[in-house]
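# Structural characterization, general
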Amino acid sequence: MAKKGSAEERDLVHKLWDRNFAAMRAPASGGATKNPLPDVVAGNGKIYLAIEVKTTTKDKVYIEEAQISALCDFSKIFGAKPYIGVRFKYTKWLFLEPENTPRTRNGNYKVEKDYALEKGLEIDEIAGIDKQMKFE
């Protein structure tokens, strides 16, 4: 799974470069350091992004509260907008703001495919290129 996850992170980094962002996978993200590091960091001089990346072949993904807390801590220090970047099998990248992401009873985060498809932002939206109209 780690190999697939890093390939997905590289895919996201390339997509951000294609949108004129300097982007990189954060070395040692995922617990190899005590510092709070997201999976991907990107910026274009106006917009700065910190992204915790999750990919799955299932219809939902759970994320530990500590990971999102670290993402938000890093983002606050760095001046970046934190996002949870999710990619379900056969879908495009979707991005959720942590404060708008559902939580489980024990405080972890739960992203379901249908929720992400309905509420998630697309890459051009977080890059400031496009605004998608969401109908209620």
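Further up the page is the structure itself.
What comes next concerns the included structure. This one's a predicted model, so the numbers in the text were calculated from it and none came from an experiment.

The next point concerns the sheet that holds strand S6 (residues 94–96). Across the sheet, which stays open at both edges, the five strands sit in the order S1-S2-S3-S5-S6 with mixed pairing between neighbours. Both outer strands of the open sheet, strand S1 (22–25) and S6, are each paired with one neighbouring strand and no more. Neighbour-to-neighbour, the strand axes of the sheet open up by a mean angle of 25°, direction not taken into account. The sheet contacts of helix H2 (residues 65–78) involve strand S2 (40–43), strand S3 (48–56) and strand S5 (81–88), and relative to S3 the element is tilted by about 160°.

Glancing now at the pairing of S2. Alternating residues of S2 divide into Val40 and Ala42 and Val41 and Gly43, and every residue in both groups is buried. For S1 and S2, the ladder comprises four bridges, and the chain directions are antiparallel. Across the sheet, residue Ala23 finds its bridge partner in S2, namely Ala42. Summarising the sheet, S2 and S3 pair through four bridges and their orientation is antiparallel. Paired with Ala42 across the bridge in S3 is Leu49. From the end of S2 to the start of S3, which pair antiparallel, there are four residues, and Gly45 there has a positive phi angle of about 95°.

With that out of the way, let us pick up the environment of Asn35. With respect to the helices, strands and loops of the structure, Asn35 is situated in the loop between S1 and S2. Look at Asn35 and you get exposed, because its relative accessible area is 52%. Linking Asn35 and Asp73, residues 38 residues apart in sequence, is a C-alpha distance of 9.6 Å.

Glancing now at unusual backbone geometry. Positive phi, normally seen in glycine, also occurs at Asn20, with a value near 65°. Here Asn20 is to be found in the loop between helix H1 (2–18) and S1. The residue Tyr90 is not glycine, and still its phi comes out positive at about 70°. Position of Tyr90 among the secondary structure elements: in the loop between S5 and S6. A residue is classified by how much of its surface remains accessible, and Tyr90, at 77% relative accessible area, is exposed.

Criteria and thresholds
- Residues numbered from 1 in each chain as written.
- Predicted model: local features only at pLDDT ≥ 70, side-chain atom pairs only at ≥ 80, totals over all residues.
- Heavy atoms only, no water.
- Pairing = 2+ DSSP bridges.
- Helix = DSSP H or I, 4+ residues; strand = E, 2+ residues; numbered from the N terminus.
- Axes fitted to C-alpha atoms, helices over the stretch in contact; angles between N-to-C directions.
- Contact = heavy atoms within 4.5 Å.
- Buried < 20%, exposed > 50% of the residue type's maximum accessible area, 1.4 Å probe, protein only.

In short, shape yes, function no, at least from these values alone.
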